Amino acid sequence: MPSPIEMPDVKGINDDGEPATRKASDEEPFSALAFKILNDPFVGNLTFFRVYSGVLNSGDTVYVPPRARKSASGGCCR
């Protein structure tokens with residue numbers, strides 16, 4: 001995969017339904033794309049995602065567009 005810095009800005013829709021763009025930077029608001037969800041019998045649901053901008057810390061709340069609600073990130077970061 002190419003480095004996010006080498007790619008153009010990512011376009012999407014924010015939680016208000018308006019178009020938004022994100023640069024690959026820690027200073028931008030957090031945005032990511034979940035590309036795989038795996039159900040492990042020992043761990044539970046695992047979500048693999050690519051971060052396009054921002055920083056995600058353990059316990060942060062993330063907006064999930066398909067569910068139209070916010071969800072806690074849980075113990076995803078170490």
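Residues numbered from 1 in each chain as written. Predicted model: local features only at pLDDT ≥ 70, side-chain atom pairs only at ≥ 80, totals over all residues. Heavy atoms only, no water.

(A) Quick look at the pairing of strand β6 (residues 69-72). Pairing of strand β5 (residues 61-64) with β6, which is carried by four bridges, proceeds in the antiparallel orientation. If you follow Val62 over to β6, its bridge partner there is Ser71. In sequence, β5 turns back onto β6 through a hairpin of four residues, with Ala68 there showing a positive phi of about 50°. (Pairing = 2+ DSSP bridges. Helix = DSSP H or I, 4+ residues; strand = E, 2+ residues; numbered from the N terminus.)

(B) Geometry of the environment of Glu18. In this fold, Glu18 is placed in the loop between β1 (10-13) and β2 (19-22). Here Glu18 falls in the partly exposed class, since its relative accessible area comes to 46%. Once residues within four sequence positions are removed from consideration, Glu18 is found in contact with Gly12 and Ile13. (Buried < 20%, exposed > 50% of the residue type's maximum accessible area, 1.4 Å probe, protein only. Contact = heavy atoms within 4.5 Å.)

(C) Fine view of the side chain of Ser31. Following the sequence through the fold, Ser31 ends up in strand β3 (residues 31-40). Residue Ser31 is classed as buried on the basis of its relative accessible area, which comes to 18%. Excluding residues that lie within four positions of it along the chain, Ser31 makes contacts with Arg22, Arg50, Val51, Tyr52 and Ser53.

(D) Representation of a nonpolar patch on the surface. A cluster of nonpolar side chains, Phe35, Leu38 and Phe48, forms an exposed patch at the surface whose accessible area comes to about 290 Å². For Phe48, the location among the structural elements is in strand β4 (residues 44-53). (Patch = residues over 30% accessible without salt bridge, like charges linked within 9 Å, V, L, I, M, F, W, Y side chains within 5 Å. Areas by Shrake-Rupley, 256 points an atom, 1.4 Å probe, with all protein chains shown as cover. Salt bridge = Lys/Arg side-chain N within 4 Å of Asp/Glu carboxyl O.)

(E) Geometry of the environment of Lys23. With respect to the helices and strands, the residue Lys23 is situated in the loop between β2 and β3. Linking Lys23 and Gly44, residues 21 residues apart in sequence, is a C-alpha distance of 32 Å. If sequence neighbours within four positions are ignored, Lys23 has contacts with Asp9, Glu28, Tyr52 and Ser53.

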